[in-house]
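In case you want the letters, here they are:
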Amino acid sequence: MKLTHKLTLAFLLVSLTAVGLAAIVVWATTSLEFNKYLVDQRQEQFVAAASEYYRSNGRWEGVDSALRQQGLLPPIQQPGQTPPDPQPFALVDQDRKVIIPSGPYQSGEKIQTGVLAKGIKIEFDGLVVGTLLITGQTPVRSVIETRYLNSVNQSLLVAALGGALIALLLGLFLARSLAQPLRDLTAATHAMAQGNLKQQVPVRSADEVGELASAFNQMSADLARANQSRKQMTADIAHDLRNPLTVIGGYLESLRDGILKPTPQRFDTLYTEVRHLQRLVEDLRLLSLADAGELVLQRQPVNPMDLLEHATAAYQHQAQQQGLQLEVQAEGLLSEISLDPERMEQVLGNLISNALRYTQAGGTIRLAASQAAGQVMLSVQDDGSGIAPEILPHIFERSYRGDVSRQGSESGLGLAIARSIVELHGGRIGVESTPGAGSRFWIRLPLH
Ligand code: ADP
């Protein structure tokens, strides 16, 4: 059974029960009150007519035919006729004798004073001259009275049915609007299962279902992006592998065929390409280890300044050749920090080699370390090209190349690896950059 049907049925059941109960209660109280009203009315008329008779005649004899004439007593039963409906009152005279029988009280019977006390007294000249005893609660209704009660009951039935119909329509509408977001989500999930990852469902409300819809949208967007970047990365890696392999293959073929002479420079070129392949494979292995949570850190206490000095040493020569200044600065006193020096040098190395790549001759690359609030802050600042704001949020993603046209020797994994290693140390890495003025990459590491 569909959710819409279930919800509609539930709404209908709830409202039918409520409407039904209300209708039954109203119906019961209406008939009860109406009967009471009729009894009271009849009783008043009866007492008034009986008193009037006694006042004019000074005695009770003949009161029954007088009341019968006024329609307050049922006519005398003729032989062969159905007995008339009995009136619900008995009249007792001042001698406690029944003069108009009804129910258990027979004509001429003497009534006990205890029973009389419950009746309605009829007085004349300050004396009790008779008593009215009520013998039934259900008075016989006249045609008009019956019609009135029927029409009240009919209106009640119409109102109940109308209420149920409105409840059904409202329930149908509510059920549809409640189930709609779930239908959207189901359709989108099916589409995702078929490989169409970029799915967005409308967020129709600010409640739990709305939250589910926006969480789904977020998940789908993230999945689509991750999938896209995985495809991009595979393509980039294939491309990065093919280039050096083509060079190596071409050289080896020419050397084998004697077309090229084996000179030290040619072996240098071959060796550079192989080194590049080795680095790429190593980067990929590192990232996959980090992904699997299997990258183990060899932590040891390290002075942050030693770390920076060590990391820059490897690049001083290259910086000089490019006409760049490579400096290390300490700001204030620094404590030793527990980290994996080899991995952290790799991070700094990636940042320095990027800075070297994006800074013109005459520029300066500054590494600094400072300490505050239980954290050590390392930074690599350059006054190079800077990073365009639109690519800034993406540079730590895998295989993202800011400069798409660049057929460089880098894999585009440098910053992704840096982030993995820093996060593994419990730290954070970030960047501030002004296009044309340079970039400042920072790393915050907790002291403990
Ligand atoms: P790549 O191998 O492409 O350098 P990275 O992950 O190291 O990969 O860097 C990603 C991108 O971030 C680079 O392609 C470049 O666009 C940008 N970038 C990184 N460092 C700098 C920097 N110091 N100055 C300008 N742009 C930078």
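Residues numbered from 1 in each chain as written. Predicted model: local features only at pLDDT ≥ 70, side-chain atom pairs only at ≥ 80, totals over all residues. Heavy atoms only, no water.

Chemist: Just give me the short version of the sheet that holds strand β4 (residues 127-134), but keep the residues and values in it.
Modeler: Pairing is antiparallel in the open sheet, where four strands are placed in the order β2-β1-β4-β3. Across the chains shown, the open sheet's two edge strands, defined by having one partner strand only, are β2 (98-100) and β3 (120-124). Neighbouring strand axes in the sheet, compared pairwise and without regard to direction, differ in orientation by 35° on average. In the sheet, β3 pairs with β4 via five bridges, with the strands oriented antiparallel. Each bridged residue has a counterpart across the sheet, and for isoleucine 122 the counterpart in β4 is glycine 130. Sheet strands touched by helix α1 (residues 3-57): β1 (89-93), β2, β3 and β4. Its angle to β3, the strand with the most contacts, is close to 25°. (Pairing = 2+ DSSP bridges. Helix = DSSP H or I, 4+ residues; strand = E, 2+ residues; numbered from the N terminus. Axes fitted to C-alpha atoms, helices over the stretch in contact; angles between N-to-C directions. Contact = heavy atoms within 4.5 Å.)

Chemist: Could you give an account of the sheet that holds strand β11 (residues 438-446), naming the residues involved and the relevant values?
Modeler: Spatial ordering of the open sheet is given by β6-β8-β9-β11-β10, a layout of five strands whose pairing is mixed. Looking along the sheet, the strands with just one partner apiece sit at the ends: β6 (325-331) and β10 (428-434). Going from strand to strand, the sheet's axes swing by 15° on average, the running direction of each strand aside. Relative to β11, strand β9 (residues 375-382) is paired through seven bridges, and the arrangement is antiparallel. Paired with serine 379 across the two strands is tryptophan 442, which belongs to β11. Together, β6, β8 (364-372) and β9 form the strand contacts of helix α7 (residues 304-321), whose direction differs from that of β6 by roughly 170°.

Chemist: Can you tell me about the pairing of β9, naming the residues and giving the values?
Modeler: Here β8 runs beside β9; their pairing, made up of eight bridges, is antiparallel. Along β9, the bridge assignment pairs arginine 366 with glutamine 381. In this antiparallel pair of consecutive strands, β8 and β9, the connection spans two residues, and alanine 373 shows a positive phi of 50°.

Chemist: Let's hear about the nonpolar core: which residues, and what values?
Modeler: Ile365, Leu378, Ile395, Phe441, Ile443 and Leu445 are the most contacted members of the largest nonpolar core, which has 50 residues in total. Of the residues forming this core, the biggest block, seven residues, is contributed by helix α8 (residues 341-357). Formed jointly, this core draws a minimum of three residues from each of two domains, domain 2 (225-291) and domain 3 (300-446). With near-sequence residues (within four places) excluded, leucine 445 lies in contact with Ile337, Leu339, Met344, Gly374, Gln375, Val376, Leu378, Val422, His425 and Gly427. Judged by nonpolar contacts, the second largest core, of 18 residues, contains Ala49, Ala50, Leu91 and Leu132. (Core = buried A, V, L, I, M, F, W, Y, C linked by side-chain atoms within 4.5 Å. Buried < 20%, exposed > 50% of the residue type's maximum accessible area, 1.4 Å probe, protein only. Domains from an automatic or database assignment.)

Chemist: Could you give an account of the domain arrangement of the chain, naming the residues involved and the relevant values?
Modeler: If you check the domain split of the chain, you get domain 1 (3-143), domain 2 (225-291) and domain 3 (300-446). Distance from the C-alpha centre of domain 1 to the C-alpha centre of domain 3: 104 Å.

Chemist: Residue-level account of the packing of aromatic side chains, with values.
Modeler: Two measures describe an aromatic ring pair: the distance that separates the ring centres and the angle between the ring planes. Under the defined criterion, the tally for this structure stands at six aromatic pairs. Taking 5.2 Å as the distance between ring centres and 35° as the angle between the ring planes, the aromatic pair formed by phenylalanine 34 and tyrosine 148 counts as tilted. Taken together, the residues span a long stretch of sequence, with phenylalanine 34 in helix α1 and tyrosine 148 in helix α4 (residues 143-193) at a distance of 114 residues. For the ring pair phenylalanine 396 and phenylalanine 441, a centre distance of 6.2 Å and an interplane angle of 70° mean the geometry is edge-to-face. Of this pair, phenylalanine 396 sits in the loop between β9 and α9 (414-424) while phenylalanine 441 sits in strand β11, placing them 45 residues apart in sequence. Each of the two residues, phenylalanine 396 as well as phenylalanine 441, counts as buried. By way of ring pairs, the aromatic residues Phe34, Tyr37 and Tyr148 are connected into one cluster. Stacked on the ring of tryptophan 442, the Lys or Arg arginine 444 has its end atom at 4.4 Å from the ring centre. (Phe/Tyr/Trp six-rings, centres within 6.5 Å; stacked < 30°, edge-to-face > 60°. Lys NZ or Arg CZ within 6 Å of the ring centre and 35° of its normal.)

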